[in-house]
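# Structural overview
One-letter residues, chain by chain:
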Amino acid sequence: MIPVRLEIQGLYSYREKQTVEFDQLTGAGLFGIFGAVGSGKSSILEAILLALYGSTERLSDRGEKNSMLNLQSEQLLINFEFRAGKNNAKTYLARYAAKRNPKNFEDVKPAEHTFYERVCDTWEALSQRGEEIVGMQKGHFKQTVIIPQGKFREFIDLTPGPRAEMMKELFGLERFDLSGKTGSLLKVVREEKIRLETQLSVLELFSKENLEEKETLFAKINEAVLNAEQLVKRADTDFRAKEILRTRHQELLKYQALHKELLEKKPEIESKRQLHQEFITAKTHLKPVWDQLKDAQTELEKYTVSVEDCTRFKSRIENEVSVLEKEENELKEKNQQRPQREAKIRDLKKVLELQILQQNLSAARHQLEILQPQIDGKKANQKTLKLQIQQLEEESEKITPTDSSLLAELKSAERDWKNWELQLTKLNQELEQFNKAALTVKNESDRLIQALPTNQKTLENWLQSQKNRIQTLESERDSLIQKQGLVAHIHLLHDGEACPLCGALEHPDPLQAEDEAKELDEKNSEILASKSVLDQINFSIQRQNELNIHLENHQKNGESKKSEINLLSQSIASLKSRLASLGIDTPAALSTQIQHISDSGKSLEKLQLENKSLRKKLDIEQETLEKAEADLNQARLKVQSLQTGISTKQEEIKDPVFCQNFYDKDPEVIRLNIRKVEKDIEDAIQSLEGKQKHLQEKRREQTKNLADLETFSRLKIETGEKLEKLRTNFESLKIEFGFQDEQALIRLFEHSIDAEKVLREITKFDQDLAVAQSRIRELSEDPEVSRFDEESFLKLSAKLQILNSEAESLQNQRILLGQEIKEAKKSLEEKVLLEAAFSKLQNRESNLKELDNMFRGSGFVKYVSSIYLKELCNTANVRFMKLSKNSLRLEIDNDNTFWVIDYLNGGKRRLLKTLSGGQTFQASLCLALALAEKVKALNQADQSFFFLDEGFGALDRNALRVVFETLKSLRHENRIVGIISHVEELQQEVGVYAQIELDPDRGSQVSYSF
């Protein structure tokens, strides 16, 4: 991360908007930010942390924004522009803004925290947070990039566990945590092993011997199936011959029964045949003429009715046309008077306009009468206001002006006094907590010492004694194991025979196997118990070391808090001394003095506000007067204009005598008369158009009716002649086809017989009768068909079914056995494959168990973290040994604890925390630079940034010079280093810097050395 530009407004002492141009500062490689104590130097780092992570080092974002916000500012605004990402190639903007609640000064609204990325000279909003953009959490950022005040040695003070966890998160060492992956693979292998064991247990019944037995049985059943199939084939041939005869016999019986049924139905069919012939004759030759005769009668009746209707309509429409022609002539005469009536309407409208002008003229004269008195009254009010303003100015001159700088100083003193008292109380409480914690740790350490055996003075002596005891016990156990090996040869020892080991002929005291085994078990139990005690001793030593470290930390923290309490007490005493010179000795007196000065200022401010209000009112009165005078002039011009308009309108009236009676009438009455006449003119025009249109329609109806009357009369005559011809033709056809009775013929016409259906029924009857007679003759010619015996056929069918059932049973047995053989072969092949796979899984499970034991408990991650820490320590030693003039070197043990090799004392090792304040600063600086260098390599950046707000006051001149030579050399490594300090000597060492000064009225102000 490389800073580019920072804008601060409303944060702590930054009242006005200030800009820190980092791009010009970072160009020098080494730059500084200097200023007096309390000027606002550290607030720059606070602003960067707030912009990136939403919280500062001193205060959090939630619940404490009211303390961040400057007491004389309404809003807090931070814009931080920086470069980040791979090789710092992308430019980002972090914006943090918060405002006060206008109704409650102490309440600050929720902050807006947003991020943007520069894309083609525009800022595009991002959904990412600061951790994702910068690539590290806030805690790691404060230990590798920006190190706030009081946090410089935090990395050294971390315990081994959190330090290793930090390395894990910072360098992504969780990729080496293979415990979960190994456990997952082992679980999968075990589940697969269980699955294969289940499958193999199912296949245990399948073997080669069982398969061979089934194949022998299959051959026997196959031979039996072939014999059964030959018997079924012979029986089936005889059955099929008998089945054909049976079918022909049944067919003979069926046709004999059908022939009998058809003979019984023949009289009915003959009756239908006669009716069908008569119906077809009537329908074909007489029905068409009959239908035409009926149609002609219907048409004659229709034309007769139409002639009568047209005759009756002819006389009625002639009367209607005559009436319409008369009404049309009357409307034409009325419309000829339209121009004279419209001229009178125009005159009446001018009368209305004259009435409006007269009303406006009266209103204008009335306004003239009102405006003149108002103008006189406003002039008098102006004189009164000028006199009041003069009196207020004289009173303001008598009041002494308020000293704003003194008031601001007193308010600041009141705020500091209150805050310092609160901080002092808080520090005392924290000191008491540290003291209690130190006492608790010391008590626990004493309990560990009290738990020592009476013959031991220290835990280390006890540890060494226990190790010696375990070595002695293990040596004795080895001897017993050797004896156990000789026990195996006891059966070879016989009196008078040589021993196979020593050659002795006598064996007075041979070993007893049971006694030796019992003694070996007791020795093993004793060793295990001793090792358990050894583990407890190691744990106690480790716990005592941790307690010593905690005790030292609590004591150092207590000393630090005491120092802060002393500094704060001195600040309070200095403040009280300064206030005493002003005659103020208590917070109540200070508040009273502030109130007195504020009241004096408020009285003067009140008079000034009243004076300002009166002047504003005077200006308003002046504007109102000018406007009223302008309105008066406009009213006079309007009266003259209206008088001229009235004269012009009177001259435009064409018939003054007609209009004379309307001047005094109400305008609404005149408008009513105008609308009435206009409507009458319009109605006359519309009535004439409607009447003419109606007359035209009636004349068209009259013409059409005359044409219809002529047409219907002609059609009536033609239809009557056609009807006589059809009657003559129908009578001749009745005689020709023998239908003398006309009523019977009409009933035949109306008969609902379906000719096609009856014809199909007759034809089918004839065909069925012929087929039945033919098949009976054909089947009776074969004597075997007539002599067929149903009982013998049934016996033959039963025999065939039995043979088929036996053959099918044998066939099913063969199929099932064949399927079993096929499945047995497949199962045996599968069993071989599963056994091979199961063997491989057993090997894989064994290997994974070994890996799981290796990676369990994040041991591998801790090992890799230790490697990173050792590499970090080696990198830091390059600078640390130079700074310490090759007298000190950093070292880290297997427990991730920092040690120092002291070459001035024979290269002996001691804890890093035993260094002096200046040496601790040098070690912390070297470790921080090394850590920042590793982060730079991790981010693949050619340039890195390191900001320090800490510790230079603890160095002497020579150490300070060496440190600065080291920092300056970083420029050759493409590193940017910024420092914040109030030490004046540093400004001579740093050529490029920003100067922070606290102005009482404007807050912190930023200036530059360039």
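Refer to the structure printed above.
Residues numbered from 1 in each chain as written. Predicted model: local features only at pLDDT ≥ 70, side-chain atom pairs only at ≥ 80, totals over all residues. Heavy atoms only, no water.

## Description of the overall build of the protein
Within the protein, the secondary structure is distributed over 25 helices and 16 strands. Counting only residues that meet the buried cut, the protein has 35% of its 1010 residues in that class. In the protein, 76% of the contacts between residues at least 6 apart in sequence involve partners at least 24 apart. As displayed, the protein has an accessible area near 62000 Å², and 50% of this comes from carbon and sulfur atoms. (Helix = DSSP H or I, 4+ residues; strand = E, 2+ residues; numbered from the N terminus. Buried < 20%, exposed > 50% of the residue type's maximum accessible area, 1.4 Å probe, protein only. Contact = heavy atoms within 4.5 Å. Areas by Shrake-Rupley, 256 points an atom, 1.4 Å probe, with all protein chains shown as cover.)

## A closer look at the packing of aromatic side chains
Counted according to the given criterion, the structure contains five aromatic pairs. Judged by centre distance (6.5 Å) and plane angle (25°), the ring pair of Tyr 303 and Phe 712 falls under stacked. Residue Tyr 303 is found in helix α10 (residues 287–335), and its partner Phe 712 is found in helix α17 (residues 667–736); the two are separated by 409 residues along the sequence. Classification of Tyr 303 as buried rests on a relative accessible area of 12%. Residue classification places Phe 712 among the partly exposed residues on the basis of a relative accessible area of 22%. A connected cluster of aromatic rings, assembled from ring pairs, spans Phe 80, Phe 82 and Tyr 92. A cation over a ring is seen here: Arg 909 above Trp 899, with NZ or CZ 4.2 Å from the ring centre. (Phe/Tyr/Trp six-rings, centres within 6.5 Å; stacked < 30°, edge-to-face > 60°. Lys NZ or Arg CZ within 6 Å of the ring centre and 35° of its normal.)

## A closer look at the side chain of Glu 7
Relative to the helices and strands, Glu 7 resides in strand β1 (residues 2–9). Residue Glu 7 is classed as buried on the basis of its relative accessible area of 11%. A distance of 3.3 Å separates polar atoms of two side chains, one belonging to Glu 7 and the other to Lys 17. Glu 7 has contacts with Lys 17, Gln 18, Thr 19, Leu 77, Ile 78 and Asn 79, leaving out every residue within four places of it along the chain. (Polar contact = N/O pair within 3.5 Å; in protein donor to acceptor, adjacent residues only side chain to side chain.)

## Thoughts on the pattern of salt bridges
Tallying each qualifying case throughout the model produces 26 salt bridges. Its salt-bridge partner being Arg 675, residue Glu 668 comes within 3.2 Å of it at the nearest N-O pair. What makes Glu 668 partly exposed here is its relative accessible area of 42%. The partly exposed category is assigned to Arg 675, whose relative accessible area is 42%. In this structure, the salt-bridge partner of Arg 909 is Glu 891, at a minimum N-O distance of 3.7 Å. A residue pair is termed long-range when its members are at least 10 positions apart, and Arg 909 in strand β12 (residues 908–911) and Glu 891 in strand β10 (residues 888–892) qualify at 18 residues. (Salt bridge = Lys/Arg side-chain N within 4 Å of Asp/Glu carboxyl O.)

## Some thoughts on the environment of Val 232
The residue Val 232 is located in helix α9 (residues 208–285) in this model. A sequence separation of 571 residues divides Val 232 from Leu 803, and the C-alpha atoms of the two residues are 5.7 Å apart. Those residues in contact with Val 232, other than ones at most four positions away along the chain, are Leu 800, Leu 803, Asn 804 and Ala 807.

## Observations regarding α17
For α17, spanning 70 residues, the distance from its first C-alpha to its last is 100 Å, which sits close to the expected 104 Å at 1.5 Å a residue. By the N-cap criterion, in which a side-chain oxygen at the helix start approaches the backbone nitrogen of a residue two or three places on, α17 is capped by Asp 666, the distance to Glu 668 being 2.9 Å. (Expected span 1.5 Å × (residues − 1).)

## A word on the sheet that holds β12
Note on sheets: strands pair through backbone hydrogen bonds, and any given pair is parallel or antiparallel. Overall, antiparallel pairing links the three strands, which are arranged β10-β11-β12 in an open sheet. The open sheet has two free edges, formed respectively by β10 and β12, since each of these has just one partner strand. Looking at each pair of strands side by side, their axes are set apart by 35° on average, direction ignored. Sheet topology places strand β11 (residues 898–902) next to β12; four bridges connect them, and they run antiparallel. Across the sheet, the residue bridging to Trp 899 is Leu 911, located in β12. (Pairing = 2+ DSSP bridges. Axes fitted to C-alpha atoms, helices over the stretch in contact; angles between N-to-C directions.)

## Digging into helix α2 (residues 42–53)
One turn of an α-helix holds 3.6 residues; hence residues three or four places apart share an orientation. For α2, spanning twelve residues, the distance from its first C-alpha to its last is 16 Å, which sits close to the expected 16 Å at 1.5 Å a residue. Buried residues dominate α2, accounting for twelve of its twelve residues. Ser 42, Ser 43, Ile 44, Leu 45, Glu 46, Ala 47, Ile 48, Leu 49, Leu 50, Ala 51, Leu 52 and Tyr 53 are the residues of α2 that are buried. Once α2 finishes, Gly 54 follows within two positions and takes phi at roughly 80°, a positive value.

## Brief notes about a negative patch on the surface
Residues Glu 394, Glu 395, Glu 397 and Glu 610 make up a contiguous surface patch of negative charge. Take the negative patch: its biggest share by element is three residues, from helix α11 (residues 338–398). For Glu 394, the location among the structural elements is in helix α11. (Patch = residues over 30% accessible without salt bridge, like charges linked within 9 Å, V, L, I, M, F, W, Y side chains within 5 Å. Lys, Arg positive; Asp, Glu negative; His and termini not counted. Charge placed at Lys NZ, Arg CZ, Asp CG, Glu CD.)

## Considerations on unusual backbone geometry
At Asp 121, a residue that is not glycine, the phi angle is positive and equals roughly 65°. Among the structural elements, Asp 121 can be located in the loop between β7 (112–119) and β8 (122–126).

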